[in-house]
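# Structural overview for review
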Amino acid sequence: MDTDLFFPPAGISGERKYELERIAVNICNSCTVIDECLEFAVGNPQLVAAGVWGGKTDDEIQKMQRRRKRRGRRK
Ligand code: SF4
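All values reported here derive from a predicted model rather than from experimental measurement. (Residues numbered from 1 in each chain as written. Predicted model: local features only at pLDDT ≥ 70, side-chain atom pairs only at ≥ 80, totals over all residues.)

## As for the overall build of the protein chain
Scanning the protein chain for helices and strands turns up three helices and zero strands. Overall, the protein chain shows an N-to-C arrangement of helices and strands of α-α-α. Projecting the C-alpha coordinates of the protein chain onto the three principal axes gives extents of approximately 40 × 30 × 20 Å. Residues counted as buried form 15% of the 75 residues belonging to the protein chain. (Helix = DSSP H or I, 4+ residues; strand = E, 2+ residues; numbered from the N terminus. Buried ≥ 20, exposed ≤ 12 C-beta atoms within 10 Å, placed from the backbone.)

## Regarding the site of the ligand
In the vicinity of the ligand, the contacting residues are Phe6, Ile27, Cys28, Cys31, Val33, Ile34, Cys37, Val52, Trp53, Gly54 and Gly55. Looking at the shell around the ligand, the elements with two or more residues in it are α1 (14-28) and α2 (34-43). Across the shell around the ligand, the residue classes tally to nine nonpolar, two polar and no charged. (Near = placed C-beta within 6 Å. Nonpolar A, V, L, I, M, F, W, Y, C, P; charged D, E, K, R; others polar.)

## A word on α1
With 15 residues, α1 should reach 21 Å at 1.5 Å per residue; the first-to-last C-alpha distance of 21 Å fits that figure. Taken residue by residue, α1 has Leu20, Glu21 and Ala24 as its buried positions. Seen along its axis, α1 keeps its buried residues to an arc of 100°; they face one direction. Of the exposed residues in α1, those oriented more than 90 degrees away from the buried face are Glu15, Tyr18, Arg22 and Asn26. (Expected span 1.5 Å × (residues − 1). Arc of directions from axis to C-beta.)

## Here we look at the environment of Ser13
Along the chain, Ser13 falls in the segment before α1. Here the alpha-carbon distance between Ser13 and Val25, two residues 12 residues apart in the chain, equals 16 Å.

What is shown is where atoms sit, not what they do.
Written out as structure tokens, the structure is:
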């Protein structure tokens, strides 16, 4: 499998990055460990800062990480 789909190389951005992400997300959507993969990504911001994980893009994962961090601070 082409890892560039999940981790677009530096220098790839905009429409091309979006295209690669859509292909990766489609692969994730038929993966049997999608929930566990996303949980790992959201729960480990120190390890996961880029790429498609669990059917989500890095932007979406970072939003989820920030949301979780805010919720954690309110407890
Ligand atoms: S859900 Fe995770 S393990 Fe499954 S294809 Fe996507 S990135 Fe790979």
